[in-house]
Amino acid sequence: MAESPAMFSLLRNARVWAPEALGVCDLAVVNGRIAALAPALDSFPSWCNAIETDLEGRTVIPALIDGHVHITGGGGEAGPGSRIPPLSAETFRAAGIGTVVGLLGTDDTTRTTGDLVAWTRELGAQDVSAYCLTGGYHVPLTTLTGSVRGDMAWIDVVIGVGELAISDHRSSRPSNEELVRIAADAHVGGLMSGKAGILHLHIGDGPAGLDPIRKALASSDLPAAVFHPTHVNRRKALFEEALDLARQGSPVDVTAFPVAADEDGWAAPDALIRYLESDAPDDLITMTSDGGGCLPAFDTDGQVTSYEVAAPRALADAFRAAVVAGVPIETALPCLTTNPARVFGLVGKGALERGKAADLVVLDDLLMPQRVMLGGTWYGPDGTASPRMRSNDD
Ligand SMILES: [Zn+2]
């Protein structure tokens, strides 16, 4: 457990991307929130007992938001032995992630929404802001209270529905009527509870691609913003469909999974570059890690031949790769910060500005997370609380 955060902290000489480039600034932090952000701030009065840290011009960005994480562990496609254990708060902090959205995937049978809610709250108690989605791959949806609207109205951390699978051999192939009804429940649940109310959809390798979403939009009066398909970079043709859907107003999510050069898909940095070069709205792309999820390969009989486990660290890796490939930091950052904050309705997250959470990442010279401040507390490279960073002499 982290020690209680300093009430007053002053961070000097931070090269801030907020995500827009602000140059070298000082940040005053009071009770875990940014109280001021400007060049050469005055020191706090002595009675504040503030802790000053000189960041010596290091790069500082908002803590990343990872909107698709199997926080209780995903997997299970290769039998119970392939179930992946829960992800710790240290794992996220070490990866520069300050906010996560947890969900269930293929295994929404032995894994439950109740377990997901419990682990979401535990992460939140450890300074990683955590939310979750109700449901999973299949219909009828797995829920805690018996309905999407009930889960959203009564459970504070439940902000939407997902990851419901379509166009995948593991999906239960919801009909158009079922898809529209679930999306409507997510939307109305969001209106009732003041939350995002999105339907986050796992898109598989199936040939139907995004067709079920297009049909749902054409046959209902639901806003396009309710639908949030993920893994849209897994095939190149699917990615083109995603650009079209974003032009219609739906946010689309790129997954930072490994894509080999000879595969028919775009690695996340390439997908980001292609998206930003298109005429799709810049604020409708998000990137997530699928952390804790299983990345299985299947043979033609639908059996698992091998699998890897996705790591939250992939998000920072993809950000760095995009910047190394020439995307300006302030252009790459929104898809990991301000865009997911808006899509998932996370007020106060994703940007460094007065009044927002003091959730930030200090990057090293290679643009990888070196330390994070979450809710006013410093955490070191391994994600554990790091009181040494409270002084100037570390
Ligand atoms: Zn998925």
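Caption draft 1: Representation of the overall build of the chain. Counting its regular elements, the chain contains ten helices and 18 strands. On C-alpha atoms alone, the chain measures out to a radius of gyration of 21 Å, which is about the 21 Å that the 2.2 N^0.38 rule sets for 394 residues. The dimensions of the chain, computed from C-alpha atoms along their principal axes, are 65 × 45 × 45 Å. Scored against the burial criterion, the 394 residues of the chain give a buried share of 53%. In the chain, the share of contacts with a sequence separation of at least 24, taken over all contacts with a separation of at least 6, comes to 71%.

Caption draft 2: Structural view of the pairing of strand β4 (residues 51–54). Side-chain alternation along β4 places I51 and T53 on a buried face and E52 and D54 on a face that remains uncovered. Examined bridge by bridge, strand β1 (residues 8–17) and β4 share four bridges and lie parallel to one another. Across the sheet, the residue bridging to L11 is T53, located in β4.

Caption draft 3: Unusual backbone geometry, seen in detail. Residue P140 follows V139 across a cis peptide bond; omega there is -5°. Position of P140 relative to the elements: it lies in the loop between β8 (129–134) and α3 (148–154). The omega angle of the peptide bond from G162 to E163 is -15°, so this bond is cis rather than trans. Relative to the assigned elements, E163 resides in strand β9 (residues 158–166). Of note, the phi angle at N13 is positive, near 55°, even though the residue is not glycine. Checked against the element boundaries, N13 lands in strand β1. By the C-beta count within 10 Å, which is 16 here, N13 ends up partly exposed. For D127, which is not glycine, the phi dihedral falls at a positive 75°.

Caption draft 4: Spotlight on the packing of helix α4 (residues 176–193) against helix α5 (residues 211–218). Taken N-terminus to C-terminus, the directions of α4 and α5 make an angle of 70°; their axes are 9 Å apart at the nearest point. Accordingly, the angle class assigned to the pair α4 and α5 is roughly perpendicular. Contacts between α4 and α5 involve N176, L179, V180 and A183 from the former and P212, K215 and A216 from the latter. Partitioning the contact of α4 with α5 into residue classes produces five nonpolar, one polar and one charged.

Caption draft 5: Structural detail: the nonpolar core. Counting 112 residues, the largest nonpolar core has L199, L272 and L315 as the members making the most contacts within it. Split by domain, this core shows at least three residues from each of two domains, domain 1 (8–62 + 350–390) and domain 2 (64–343). Here L199 is in contact with G160, V161, G162, L164, I182, A183, A186, V226, F227 and H228, once residues within four sequence places are set aside.

Caption draft 6: Inspection of the sheet that holds strand β11 (residues 227–230) at higher detail. Within the open sheet, the six strands sit side by side as β6-β7-β8-β9-β10-β11. Their pairing is parallel. Two strands bound the open sheet, and with one partner strand each, they are β6 (64–69) and β11. Strand-to-strand twist across the sheet, computed as the mean angle between neighbouring axes with direction ignored, equals 30°. Where β6 and strand β7 (residues 97–102) come together, four bridges link them in parallel fashion. Within β7, the position partnered with I65 by the bridge is T99. Most of the contacts of α4 go to β9, to which it runs at about 165°, and overall it touches β9, β10 (198–203) and β11.

Caption draft 7: Summary view of the packing of helix α7 (residues 268–277) against helix α8 (residues 314–324). The interhelical angle for the contact between α7 and α8, taken along N-to-C directions, is 55°, at an axis separation of 8 Å. Classed by the angle they form, the pair α7 and α8 counts as oblique. In this structure, α7 meets α8 at a crossing whose hand is right-handed. Across from A268, P269, L272 and I273 in α7, the residues of α8 making contact are A318, A321 and A322. Taken together, the residues of the contact of α7 with α8 break down into seven nonpolar, no polar and no charged.

Caption draft 8: Looking closely at the pairing of strand β2 (residues 21–30). Looking at chain direction, β1 and β2 are connected through eight bridges and run antiparallel. Its bridge partner being in β2, A14 is matched across the sheet by C25. Taking the residues between adjacent antiparallel strands as the criterion, β1 and β2 are bridged by three residues. In the sheet, β2 pairs with strand β3 (residues 33–38) via five bridges, with the strands oriented antiparallel. Within β3, the position partnered with V29 by the bridge is I34. Taking the residues that link successive antiparallel strands as the turn, the β2-β3 hairpin has two residues, and the phi of N31 there is positive, at about 50°.

Thresholds, definitions, all that
- Residues numbered from 1 in each chain as written.
- Predicted model: local features only at pLDDT ≥ 70, side-chain atom pairs only at ≥ 80, totals over all residues.
- Helix = DSSP H or I, 4+ residues; strand = E, 2+ residues; numbered from the N terminus.
- Rg over C-alpha atoms; globule rule 2.2 N^0.38 Å.
- Buried ≥ 20, exposed ≤ 12 C-beta atoms within 10 Å, placed from the backbone.
- Contact = placed C-beta atoms within 7 Å.
- Pairing = 2+ DSSP bridges.
- Axes fitted to C-alpha atoms, helices over the stretch in contact; angles between N-to-C directions.
- Parallel < 35°, antiparallel > 145°, perpendicular 65-115°, else oblique.
- Nonpolar A, V, L, I, M, F, W, Y, C, P; charged D, E, K, R; others polar.
- Core = buried A, V, L, I, M, F, W, Y, C linked by C-beta atoms within 7 Å.
- Domains from an automatic or database assignment.
- Left-handed = near helix turned anticlockwise from the far one by under 90°.

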